[in-house]
Structures are given as structure tokens and as C-alpha cells.
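Structural overview
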Amino acid sequence: MAQSKTDRAAAARSVWPREGHDGQSLQWGFAEHLKYSLGVDSYTSTNHDRYLSLAYTIRDRLIHQWIRTQQTHHQQQVKRAYYLSLEFLIGRSMGMNAINLRLDAAVQQALQSLGYSWEEIREQEVDAGLGNGGLGRLAACFMESLATLNLPAFGYGLRYDYGIFRQAIDHGHQVELPDDWLRRGNPWEIERPDRAPEVHFGGRVEMFSQGGRLQAHWVDTETVIGIAYDMPVVGYGGSTVNTLRLWSARAPEEFHFSDFNQGDYVQAVRTKVSAENLTKLLYPNDRLYLGKELRLRQQYFFVACSLWDILRRFKAEKLPWTSLPELAAIQLNDTHPSLAVPELMRILLDQHGLDWDTAWQITTATLAYTNHTLMPEALEKWPVEMMESLLPRHLQIIYEINRRFLTRAAVCFPGDVGRLRNVSLIEEGAEKQVRMANLAIVGSHSTNGVAELHTRLLKERVVADFAAIFPERFNNKTNGITQRRWLLKANPPLARLISEAIGDGWITDFAQIERLKPFADDAAFCSSFAEVKRHAKAELSTYLEHVHGWRLDPATLFDVQVKRIHQYKRQLLNALGIVVLYNRLRSGDSSAVPRTFLFGGKAAPGYDLAKLMIKFVNNLGAVINNDPLTRDRLSVYFLPNYRVSLAERVFPAADVSQQISTAGTEASGTGNMKFMCNGALTLGTLDGANIEIAEQAGEQNIFIFGLTAEEVAEQRPSYNPWQWYQSNPEIRAAIDLISSGYFNVNEPGIFDPLLQSLFPNGDYYMNLADLGPYIEAQDAISRAYRDQQSWNRKAVLNIAASGKFSSDRTIQQYAAQIWNVRPCPIETDVDPSATLEEARSRPDR
């Protein structure tokens, strides 16, 4: 009698426990990997061995569904979203994968039965620091949401040998150390050596006539090979497992054999070293020409490999090229992938013989662009001379795009040379430059901002002329975060408390968090929340004492500003406020509640003023924390090497979230959202997503201060920082104390550049204009924090109001309004014994 499918599956599981999600199967898999994958036993294995074994055990349980996901997408000929981002700040994968596979409880139980600690083993994993801040963290959140929502998607990025640098602090100064995250291997990646596109640089362009049309042939080029490394991205529930494909650069040959035989060992490997430098480091210092050239090479390598892979997958469907937009939606995350515009045109024109108009229609219909900045100086530009040297054919295409576009623009702006100059893809001047944001806007069908204010200012100020030409292309997609990492994983006690109150539907539908609102008036719930917050603060304090020897007082208010160090984010404003508070305490004014200020973030290696800001914060801490008059009521700490795994400890512990950028400079921010859903109250300006946080939570439940974006724009032309120094005694006393060298007795003059940024250089980010209102807001926080019942009510209302800020909502909007990509549920009740047969069928990966 034939076995049923259920019987076969049961039989397969009995002999193939690799698929089992129960504790016994996990124990078996763990022991097998220790022995057969790593060649050790329980006596000789190290903690890192145990981490690798557990990672392989968890990975086994997603491989089958990973393959099935790609097969289903191929068989159903779905439209995919392709997310191109030069940054993916992934953090650690094991805990998140276990949670999304719904394995975390079973893993913890299995390890406990074996005498191991889940927490200790998890700590062995190194953060995958393939990003610098919000941009990369957003991309990681989006990938997780895409999988949870069952949306067919691929992410594309670079597999940097060294991620964002490891930050150390030496005598208060930032020191950049290599982030050798791959040194001990990455168990979550699978190398795909059969996915190896050739990428070309340099050379020259030959033009020839073929069939009555002028054709281009790019010749005499230097070649680099791209090698694909795939990482699984598991959606919650483990149904869909999408792919993040990262490219690594290789030379076409390992070394020149003849040079080696002749004893020229350096020349023999020169090509290999040059090629592999492309993916050696995230964001090389671009103050030097060679650094800029390397970044341009990185960007083109990334784009060329990704488009090669996307088009390889499309060509397998044997459809006409005009069908490409029906199967592929390519999202450019910021300007870094903007070379996708001329590269896709080059492929369609030169390799497949399409005419210009058809190729252009396909290109613009396939590509979409997300803008992430309001600061014109942050919009990427590349010297024409450099691009002509590295990418001569692409420059030709960019010039032709520009010629055709300016003809259209001239109809919109007749006789207005100034506006035509603004929208040109080429910036004229002593050094001609290609404007990458302009290229992305012209070459795509959608340009979106990432917060309502950001999108409005984008259309009204930054690229207003483009909005006039293409009004239908501009739209807003307010950023979001995945609640599964930033609440469920980062703060399990709070997640449990919420689920006990309203159920666990919020995990996949964060709009349900609004059901928590009535509990803000439930004394027992608020008391439980307060205990969860105290526990998180104690946990962070214990961790920091263990790592750094610091003794934080969890009874104080934890006031936190963690983000990339930059002038517009105004860590200086925070520091000036601390000096004002310090002066008050020294004079006997103890009206402020005891506070612990925590800073964290990295400064770009070439950004001297930002690095000096880190030194200033550390010097503040060195003085204030050791002053017997104030150390029980005020302390300041700078958290070295801020990263995702550290952020997961910091957000649950924060009482106050500082989001104090100059209004009109922050595109959105996502840290503000992570703090909010963990019950921290925002201290912020009306900038970025803060405005929407205020709308959702109510301004009475956060602390808003300072100039608006409109007021900043109106006052900046005549702004005089001296008026605030002269009119406000507290500001004057704080500046005078800093100027006196009080915080740098043994380093005279070291902070002069910070002071000069305020006075001789005009305080461009208007710190002093907002310092008075900032201090008033901090005073309001002290008054509010004294009433713990009221404070906890505000915190719970903030959590209840955070539902809008899920990346699930953001991705649903991208999918419906830009990409036209629909969910594709993946069957999960399958026969594990079919894995081998399915593998033989060559899934569309």
C-alpha cells in the first residue's frame, strides 16, 4: 500500500532530524555539526565552535524554505522588487533568524538541556557592519519586512571584507580600527561561484555603423570578476525566505605566472590586489583623489553585478525586453546606485540592439529612486574627467540623456537659463561634475522622500525644478523600523508585557499596538512597564560596567543621543546644554532630576570637526563624572563602537530620546522610532519624522522645542549667534567656561575649532538660537519625570502610538504605489525528503 504524503514526511523526519523544530532535533543537529562540520566534540569545542554549530543548525531549518521560495517565485513568474543599497547594516543574524523561524524558545531549551547558555553563545556572533547608520539599518529593516509580507524580493549590496570601522576611544579621541568581521567566517552566507559577472573599467569607445545605426563598442578595458555571496532573509513565521546577495570583487586570474617565475612577486599579484581592493572597505576616505576613484569604482561594480544578475534572471523567462518592467522593480536606495541608469541603457543599446526611445522607456519604467537628504552638499557628484577615464561609454550615455532632457526642460522653462542650469545632469564650473541625484530623478519613474516634511522640502527647495517638470513622479514613503528586531528581539520583557495585554497580533500587524492605549490609564500595567524599564536600565548598566568599568545609576534619568556624529545632528547642542546644567549644579541649583547622558556614534574618518565633538563629550565626562559637587546628579558617557547589537541594549533602557537636528536638515531618522516603541519620550525639533511622531503621540506626550524649518530658512540670512551669547547669561556662562579651557586644562586650544564653528563661522546649524528653548525643554522633562505615574502614562501612550512607524507599512506602500509587486505566499507544509530532488531542479536563484 502506498504511503501517504504525511506518512512519508513523518518517516523522513524520523531519519532526517535536520528539518525538525523540536528541542530533540535541535540537540541532534547541534551535536552533528560540532562533530562533522567543525571536527570537535563537547570537550574540545570553544564558545565560537558552539556558536558556529548552532548557526548551522538554525540555518539547516531555513534552507528548504529558502529553496522553495525561489522555486515558487520562478514557477509563478512573479514580479520581484530588487533593492539596491550600498549599505546593509544587518547586525547579528542568529537571534533574529531564530525568532522569525519561531525557534527561539526551542533553541533556548535545547541548549539548556546540553548545559549551554543561549545568551553566551549569541554573544559570539560579530555584527555584520556593512553600513554606516540609518541608511543601512533601514535597508536591513526593509529586507526583513519584505520577507514577512511574503513579497518577492532580492537585496543587492557589497560584501566588504572590512565593514564600518571598529571605533576605539584613546584619551577621548576616536581611533578607527579595522572591522574584520569575516576573520572567523560567516556561517549565514553561501558562496555562489557560478554567479560571476565580468565588470569592465577604463578603455575606450569605438563607434561603428551596423544596419544603418550607429553602434558603440567598449574595448581595451580592465576586467574585474564579481562573486556572489547569498544570505537568507527570513520573514516572521518562516514561510518566505528571500535573498540578500552581496558581491565580492576578484581578479580574473590569481597572479601573472610569468612575472612570478621571473621573481617579480609584487607585480605578479598587483592585478589581484587592485581588483580585490574594490570590496575591501566600506566607504574609503574620499578626501584624496584615489579614495574618490575607489568609491566610484565600488559603485559601478555594485551596479554592474546586480543588473547582470537581474537581467540574467529575466532573460531566462524568454520574454521581450519591453516586459522587463512587468517582472522587475529596481529601487535605488539613495544616489549610490544611480549608475544603474546609464548601465541599463548601455546593456539595452549596445548588447541587445534596442533603439534609444524603447531602451529609455524600459529604463525609466523599471527604476525608482529614494532620496535621503535635504542638504545639497550631500548630493553625490563625480568629476567628469574621472568618469570619462573609468566609464567612458557611460559618460557618453549621460551626455545624451542630458541633451534630450534639457530639450524637454526648455519647453517647461522657456528662456530661463538659470533653471536649465539647475536641472542639468552636468554641473559646469572649474571642474565639470556629473550630478547623480539629477541622473536618478530623470532616469526613473518615481522619486520618493522618507518623511512628510522631507518630501515637501524636497519638492519646494532641493529639487523644486524637477518637481515642476515631473510632478507625478514625487511621492512620500515615511521610513519605518521592523518591530520584530527593535521590540520583540531587543526588549523581550516589554514584548511579553504587551502581548499579555493585547495579544501577539502586533508582531506582524503593528497597527494593533494602538490597542495598548487604554492601558496607559491602567495603574497595574504602568507599574509593570516601570519595572520593565528599570530592568532594562539595570541590564545596560551591568553590561557597561562589565565592558568599560563604568558604574551608571539606573535610578537616574537616562538621556540618550546615539547616531552618526555630524554637525547637523547637533551633538554640540546637547553638550552645551550639559554645560549649562553643570553650571547650575555647581551654583547650588538642584532643580533638575539626576541625569545620565549617553552619547554614541561614529564620525567619518575625514570629518575632523565631528571627531573633535567626540573628544569634547569624553572630556566633559572626564571632568563632570569626577566632580564631587555634581557626580551624584549628573554624569556623561560616550559609548564606544556604537553598532546594532549595542543599540539593542540601549533603546530599551532610554528614558529620553534626543532627536535635535536643525529643522529642515534630517530627512527622517529611524532611531526616533526605535526609542518610541520602547517607551522613551522624544526631546526633539520639528524635523524629519519627529513631526509625524508628534502627530501620532500628541505633542503633550513628547517635548518639542526650537525653530521650525521655515523659521530657520527665514532667519539664517541675518542670523547672528552673538545675540544669544550676549542676551542669555546661562549661554554666555557655558561658552565662557568652555573657552577658559576648563574641560581641557592639559590640552590648551584643542576645542577652539568647535567654538569657531559657533562664532567666526556663523553657527550654521543655529545651535545657539535653539539652546535657550532646548534648556527650557530639559527643565520641562525634569518636572515631568518627577511625577512617575504621569511619565509612565506618557511612555505607554508613545508605544501605543508607534504603529505607523513599522517598516511593514512602509514596504506595503512601496509595493502598492511604486513597484506594483504583490504578495506570493509560500507553501510550508512540505515533505523534507523532497529537498534533494528540488535541489536537482536548479531553482531560480
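Notes on the structure follow. (Residues numbered from 1 in each chain as written. Predicted model: local features only at pLDDT ≥ 70, side-chain atom pairs only at ≥ 80, totals over all residues. Heavy atoms only, no water.)

Ordered in space as β22-β21-β20-β23-β24-β25, the six strands form an open sheet in which the pairing is parallel. For this open sheet the edge positions go to β22 (634-639) and β25 (703-704), each flanked by a neighbour on one side alone. Of the strand pairs in this sheet, strand β20 (residues 557-562) and strand β23 (residues 656-659) are connected by two bridges, and their pairing is parallel. Among the inter-strand pairings, D559 is bridged to a residue of β23, identified as V656. Against the sheet, helix α26 (residues 644-653) makes contact with β20 and β22, and its axis sits at roughly 140° relative to β20, the strand it touches most. (Pairing = 2+ DSSP bridges. Helix = DSSP H or I, 4+ residues; strand = E, 2+ residues; numbered from the N terminus. Contact = heavy atoms within 4.5 Å. Axes fitted to C-alpha atoms, helices over the stretch in contact; angles between N-to-C directions.)

For the rest of this paragraph, the subject is the sheet that holds strand β15 (residues 381-383). Paired through their backbone hydrogen bonds, the strands of a sheet run either parallel or antiparallel. As summarised here, the arrangement of the three strands in space is β15-β17-β16, forming an open sheet in which the pairing is antiparallel. Every interior strand has two partners, whereas the edge strands, β15 and β16 (426-427), have only one. One ladder, built from three bridges, connects β15 with strand β17 (residues 433-435); its direction is antiparallel. For K381, the partnering residue across the bridge sits in β17 and is R435.

Now for the packing of helix α24 (residues 571-586) against helix α31 (residues 729-739). Across the interface, α24 lies against α31 with an axial gap of 9 Å and an inter-helix angle of 100°. With respect to α31, the axis of α24 lies roughly perpendicular. Contacts from L576, V579, V580, Y582, N583, R584 and R586 in α24 reach E730, A733, A734, I735, L737 and I738 in α31. For the contact of α24 with α31, the residue count by class is nine nonpolar, one polar and three charged. (Parallel < 35°, antiparallel > 145°, perpendicular 65-115°, else oblique. Nonpolar A, V, L, I, M, F, W, Y, C, P; charged D, E, K, R; others polar.)

Buried residues dominate strand β1 (residues 80-84), accounting for five of its five residues. Both faces of β1 are covered, namely the face carrying R80, Y82 and L84 and the face carrying A81 and Y83. Both β1 and strand β13 (residues 328-333) contribute to a ladder of five bridges, which runs parallel. Following the sheet pairing, R80 is matched in β13 by A328. One ladder, built from four bridges, connects β1 with strand β4 (residues 153-158); its direction is parallel. Bridge pairing links A81 to A153 in β4. (Buried < 20%, exposed > 50% of the residue type's maximum accessible area, 1.4 Å probe, protein only.)

Every α-helix winds through 3.6 residues per turn, so residues three or four apart in the chain are directed the same way. An ideal rise of 1.5 Å per residue puts 38 Å on 26 residues; helix α23 (residues 523-548) measures up with 37 Å between its terminal C-alpha atoms. The set of residues buried in α23 consists of F525, C526, F529, A530, V532, K533, A536, K537, L540, S541, Y543 and L544. Where α23 begins, the capping side chain belongs to D522, and its oxygen is found 3.0 Å from the backbone nitrogen of A524. At the C-terminal side of α23, G549 shows a positive phi close to 80°. (Expected span 1.5 Å × (residues − 1). Polar contact = N/O pair within 3.5 Å; in protein donor to acceptor, adjacent residues only side chain to side chain.)

Before going further, it helps to spend a moment on the side chain of N619. Mapped onto the elements, N619 comes out in helix α25 (residues 608-624). Of the residues examined, N619 reaches a relative accessible area of 8% and is grouped as buried. Sequence-distant contacts of N619, defined by excluding residues within four places in its chain, comprise F743, N744, E747 and F751.

This paragraph deals with the pattern of salt bridges. This model, assessed by the stated rule, comprises 46 salt bridges. As a salt-bridge pair, K432 and E428 come within 3.7 Å of each other at their nearest N and O atoms. The residue K537 makes a salt bridge to D655 at a minimum N-O spacing of 2.7 Å. Here K537 is found in helix α23, whereas its partner D655 is found in the loop between α26 and β23, with 118 residues between them in sequence. Each member of the pair, K537 together with D655, is buried. Here the residues in one salt-bridge network are R192, D230, R245, D309, R312 and R313, joined through shared partners. (Salt bridge = Lys/Arg side-chain N within 4 Å of Asp/Glu carboxyl O.)

This part takes up the state of the cysteines. One pass over the structure, following the stated rule, counts zero disulfides. C677 supplies the cysteine sulfur nearest to C526, a cysteine that is in no disulfide, at a spacing of 17 Å. (Disulfide = S-S within 2.5 Å.)

Glancing now at the packing of helix α13 (residues 340-351) against helix α16 (residues 392-412). The geometry of α13 relative to α16 is characterised by a closest axis approach of 9 Å and an angle of 100° between their N-to-C directions. Considered as vectors, α13 and α16 are oriented roughly perpendicular to each other. Only R393, H394, I397, I398 and I401 of α16 make contact with α13, whose side of the interface consists of V341, P342, E343, M345, R346, L349 and D350. When its residues are assigned to classes, the contact of α13 with α16 shows seven nonpolar, one polar and four charged.

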